Amino acid sequence: MASAVLLACFITGVTASVHGAAARAGRRVVRAATLSALGGEILGYERTTWRWERVMGLPRTDTAGRALAQMSLGDVERAVRLWRSRAAAAARRARRPPHLRAWLCIHHYEGSWTDEGAPYYGGLQMDVSFQQHYGGWLFQHKGTADHWSPLEQMWTAEKALRSTGFWPWPNTARFCGLL
């Protein structure tokens, strides 16, 4: 009888340690899967933030620099919230170029946002050299301005405005009272 009790305790102890090891391994797998999913979410928000920063001509927001595996789950969740808010703020800011009314007025007298009539493209009638100079990344990745969103076209024009004013649009800028 005593040996049966000892045998039962031994089996139960072995089973408990096996189950404990399996449970720990299972938690590691779940943590890795959770970190992977959260890391993918962070990466998506980073890309959105950096895309809008590039379009607006702003410096790229730096990452925290720590590997997700070195962070606690709470820290990773905070990083997701941080990058989600950064992406939302960048998108909000991008929707309001500083001279939005001026660009809409110029667009009123220029072509359609999807105007592909060479030598001028898009809603602000930008030529290829203008697009390459002020919208280099967009030009490389999307082609001419007729393939860009209206916001991307306006932000490219904002970059030109910083150095040349409204002079690339002499007639329409005059019609709009900008020159």
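Preceding block: the structure.
Rules used throughout
- Residues numbered from 1 in each chain as written.
- Predicted model: local features only at pLDDT ≥ 70, side-chain atom pairs only at ≥ 80, totals over all residues.
- Heavy atoms only, no water.
- Helix = DSSP H or I, 4+ residues; strand = E, 2+ residues; numbered from the N terminus.
- Buried < 20%, exposed > 50% of the residue type's maximum accessible area, 1.4 Å probe, protein only.
- Areas by Shrake-Rupley, 256 points an atom, 1.4 Å probe, with all protein chains shown as cover.
- Salt bridge = Lys/Arg side-chain N within 4 Å of Asp/Glu carboxyl O.
- Phe/Tyr/Trp six-rings, centres within 6.5 Å; stacked < 30°, edge-to-face > 60°.
- Axes fitted to C-alpha atoms, helices over the stretch in contact; angles between N-to-C directions.
- Parallel < 35°, antiparallel > 145°, perpendicular 65-115°, else oblique.
- Contact = heavy atoms within 4.5 Å.
- Nonpolar A, V, L, I, M, F, W, Y, C, P; charged D, E, K, R; others polar.

**Q** Got a minute to help me understand the overall build of the protein chain in this structure?
**A** Each helix and strand counted, the protein chain has seven helices and two strands in total. In the protein chain, buried positions account for 33% of the 179 residues. Accessible surface, the protein chain: about 10700 Å² in total, of which carbon and sulfur atoms supply 60%.

**Q** When you look at the pattern of salt bridges in this model, what are you seeing that I'm missing?
**A** As a working rule, side chains carrying opposite charge can pair if their charged atoms are close by. Inspection of every chain in the model, using the stated rule, returns four salt bridges. Between K142 and E152 there is a salt bridge, and its shortest N-O distance comes to 2.8 Å. Taken as a pair, K142 in helix α5 (residues 136-142) and E152 in helix α6 (residues 150-164) lie far apart in primary sequence, 10 residues in all. By relative accessible area, E152 is classed as buried at 0%. Connected via shared salt-bridge partners are R51, K142 and E152.

**Q** In this structure, what is going on with the packing of aromatic side chains? I would like to understand it.
**A** Given two aromatic rings, their pairing is described by the distance between the two centres and the angle made by the two planes. Taken as a whole, this structure holds six aromatic pairs when the rule is applied. Ring centres of W50 and W83 lie 5.9 Å apart, and the angle between their planes is 85 degrees; this geometry places the pair in the edge-to-face category. Of this pair, W50 sits in helix α1 (residues 2-56) while W83 sits in helix α2 (residues 73-94), placing them 33 residues apart in sequence. Just as W50 is buried, W83 falls in that class too. Their ring planes at 50 degrees and their centres at 5.2 Å tell us that W103 and F166 sit as a pair that is tilted.

**Q** Help me understand the environment of R84 in this model?
**A** Note on placement: R84 falls in helix α2. Linking R84 and Y45, residues 39 residues apart in sequence, is a C-alpha distance of 5.6 Å.

**Q** Explanation requested: the packing of helix α3 (residues 100-109) against α6 in the structure shown.
**A** A packed helix pair is summarised by two numbers, namely the angle formed by the two axes and the spacing between the axes. Packing of α3 against α6 leaves a shortest axis separation of 11 Å and a crossing angle of 110 degrees. With respect to each other, α3 and α6 are oriented roughly perpendicular. Between α3 and α6, the contacting residues are L100, W103 and L104 on the first element and M154, A157, E158 and L161 on the second. Per-class residue counts for the contact of α3 with α6 are six nonpolar, no polar and one charged.

**Q** Please clarify how unusual backbone geometry should be interpreted in this entry.
**A** Glycine aside, a negative phi is what most residues show, and trans is what most peptide bonds show. Omega for the bond connecting A118 with P119 falls within 30 degrees of zero, at 10 degrees, which places this linkage in the cis form. For P119, the position within the fold is in the loop between α3 and β1 (120-121). Positive phi, close to 50 degrees, is recorded for Q125, a residue that is not glycine.

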